[in-house]
Amino acid sequence: MDIYNGNILRKLLKDADQGGYAVPMFNYTDLWDQMAVIEAAMELHAPIMFASIPKTVNAISPEVLGAVGTVQMKKAASPIIHHLDHAKSVELCIAAIDNGYPSVMIDASDKNLETNIAMIKNVVEYAHTRGVFVEGEIGRIKGRDYEATYDGDDFLARVDDALRLVQETGVDSLAIGIGTAHGFYDGKPEINFKRLKEMKEAITVPLVLHGGTGIPEEDVKKAIRLGINKVNIGTQIRYTYMQSACRLIQEKGPVTHTIDIMTEAKEEIKKVAKAWIRICMADGKAEADLKGQEIQYAES
Ligand SMILES: [Zn+2]
């Protein structure tokens, strides 16, 4: 299988759209949580994406992450896609593409529409000649890490803007601000399902839901039924990782070998990843489709 080509991801997301499920994308920070989400996918025979945010790329380097990601994709038994999440610059996207990422996200959603379109276009031009998949974003995903302040419905992506962006850029998928946030929610997240429905009717490329952590399972499933094809999960992976590691260090003491702590923490992260894979994929029609592709669930 040509795992380096964004076409694999295009097909995965198209299958998801037709099958009524979503491909989960997990953020990793290092090898341990990366292995956790990949092992979860292998044990459930499910396609996933594993992604690094700029903070991770800057701390480790696109060269090392690209090389490791490529090896992981190569040795995986079912399709997994390495992805750059939330790049704020065209340069970082290019660095990732040059180092073997088959998929990148350029997030210029905090800029005006013209600038957003121009930046996506730049990335698409470079990416598509190399077979790489590009995700863009429109509207705002709430949360303290990226965009912090809003007035009223400011965060909501407008359908006509989204349509124009997709048509002018040739972007492969689109993250849409419909009320979800990065990080944990203070109250219950208010997803604008009406806007999602309108988007799905107007936009032909796969739609992406960011800020999966903390959205009630029923709301995630409803969003998928209404046409979300990819769901991003970051905070819950990092939180589980730190919680488990802290608890295990307290239990075992600092003299323990790192591996004894981390292999156990990895199992905790795996449980979270598996739960998300099931939320995203094991719903009604999706199950039938997955069976057709000989993708089965090892556990119930
Ligand atoms: Zn995000």
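Residues numbered from 1 in each chain as written. Predicted model: local features only at pLDDT ≥ 70, side-chain atom pairs only at ≥ 80, totals over all residues. Heavy atoms only, no water.

- Looking at an unreviewed UniProt entry, the protein chain carries the name Class II fructose-bisphosphate aldolase, with the source organism given as Diplocloster agilis.

1. Describing the coordination of the zinc ion
- Every protein donor of the zinc ion is listed here as His86 (NE2), His182 (NE2) and His210 (ND1), and their distances to the metal cover 2.0 Å.
- In the primary sequence, the donor residues of the zinc ion line up as H-x95-H-x27-H. A residue pair is termed long-range when its members are at least 10 positions apart, and His86 in strand E3 (residues 80-87) and His210 in the loop between strand E7 (207-209) and helix H9 (217-225) qualify at 124 residues.
- Judged by relative accessible area, which is 2%, His86 ranks as buried. (Donors = N, O, S within 2.8 Å, 3.2 Å for Na, K, Ca; no water. Helix = DSSP H or I, 4+ residues; strand = E, 2+ residues; numbered from the N terminus. Buried < 20%, exposed > 50% of the residue type's maximum accessible area, 1.4 Å probe, protein only.)

2. So, the UniProt feature "binding site: dihydroxyacetone phosphate" (unreviewed entry) in the protein chain
- UniProt marks Gly183, Gly211, Gly212, Thr213, Asn232, Ile233, Gly234 and Thr235 with the feature "binding site: dihydroxyacetone phosphate" (unreviewed entry), using the numbering shown here. A maximum C-alpha distance of 11.3 Å among these annotated residues, which run over 53 residues, shows that they cluster at one spot.
- Inspection of the secondary structure puts Asn232 in strand E8 (residues 228-233).
- If sequence neighbours within four positions are ignored, Asn232 has contacts with Met25, Asp85, Val208, Leu209, His210, Gly211, Gly212 and Thr213.
- Along the chain, Thr235 turns up in helix H10 (residues 235-252).
- Given the relative accessible area of 15%, Thr235 is considered buried.
- Apart from the residues lying within four places of it in its own chain, the contact partners of Thr235 are His182, Gly183, Phe184 and Thr213. (UniProt positions renumbered as here; feature names shortened; annotations may be inferred. Contact = heavy atoms within 4.5 Å.)

3. Digging into the UniProt feature "binding site: Zn(2+) 2" (unreviewed entry) in the protein chain
- Per the UniProt record, "binding site: Zn(2+) 2" (unreviewed entry) is found at Asp107 and Glu137. Taking the farthest pair of C-alpha atoms as the criterion, the annotated set spanning 31 residues converges on one region, since that pair is 5.6 Å apart.
- With respect to the element layout, Asp107 can be found in the loop between strand E4 (103-106) and helix H6 (113-128).
- For Asp107, a relative accessible area of 0% puts it in the buried group.
- Only 2.9 Å separates the side chain of Glu137 from the side chain of Ser109, close enough to count as a polar contact. (Polar contact = N/O pair within 3.5 Å; in protein donor to acceptor, adjacent residues only side chain to side chain.)

4. Things to note about the side chain of Ser109
- Mapped onto the elements of the fold, Ser109 is located in the loop between E4 and H6.
- Within the structure, Ser109 has its side chain in polar contact with the side chain of Asp107 (distance 2.7 Å).

5. What about the pairing of E8?
- Along E8, six of the six residues are buried, which leaves the element largely enclosed by surrounding structure.
- In this sheet, E8 lies alongside strand E1 (residues 23-27) in parallel orientation, the contact comprising four bridges. Looking across to E8, one finds that Met25 is bridged to Asn232.
- For E7 and E8, the ladder comprises three bridges, and the chain directions are parallel. Within the sheet, the bridge partner assigned to Val208 lies in E8 and is Lys230.
- Of the crossover connections in this fold, the one passing from E7 over H9 to the parallel E8 is right-handed. (Pairing = 2+ DSSP bridges. Right-handed = clockwise from strand over helix to strand, strands pointing away.)

6. Re the environment of Ile249
- Looking at the secondary structure, you find Ile249 in helix H10.
- Along the primary structure Ile249 and Ile261 are separated by twelve residues, whereas in three dimensions their C-alpha atoms are 6.8 Å apart.

7. Let's talk about the packing of H6 against helix H7 (residues 159-169)
- Relative to each other, H6 and H7 sit at 30°, their axes nearing to 9 Å. The angle between H6 and H7 places the two elements in the roughly parallel class. Taken as a pair, H6 and H7 cross one another with a handedness that is right-handed. Facing Leu113, Glu114, Asn116, Ile117, Ile120, Lys121 and Val124 of H6, the residues of H7 in contact are Asp161, Arg164, Leu165, Glu168 and Thr169.
- Split by residue class, the contact of H6 with H7 holds five nonpolar, two polar and five charged. (Axes fitted to C-alpha atoms, helices over the stretch in contact; angles between N-to-C directions. Parallel < 35°, antiparallel > 145°, perpendicular 65-115°, else oblique. Left-handed = near helix turned anticlockwise from the far one by under 90°. Nonpolar A, V, L, I, M, F, W, Y, C, P; charged D, E, K, R; others polar.)

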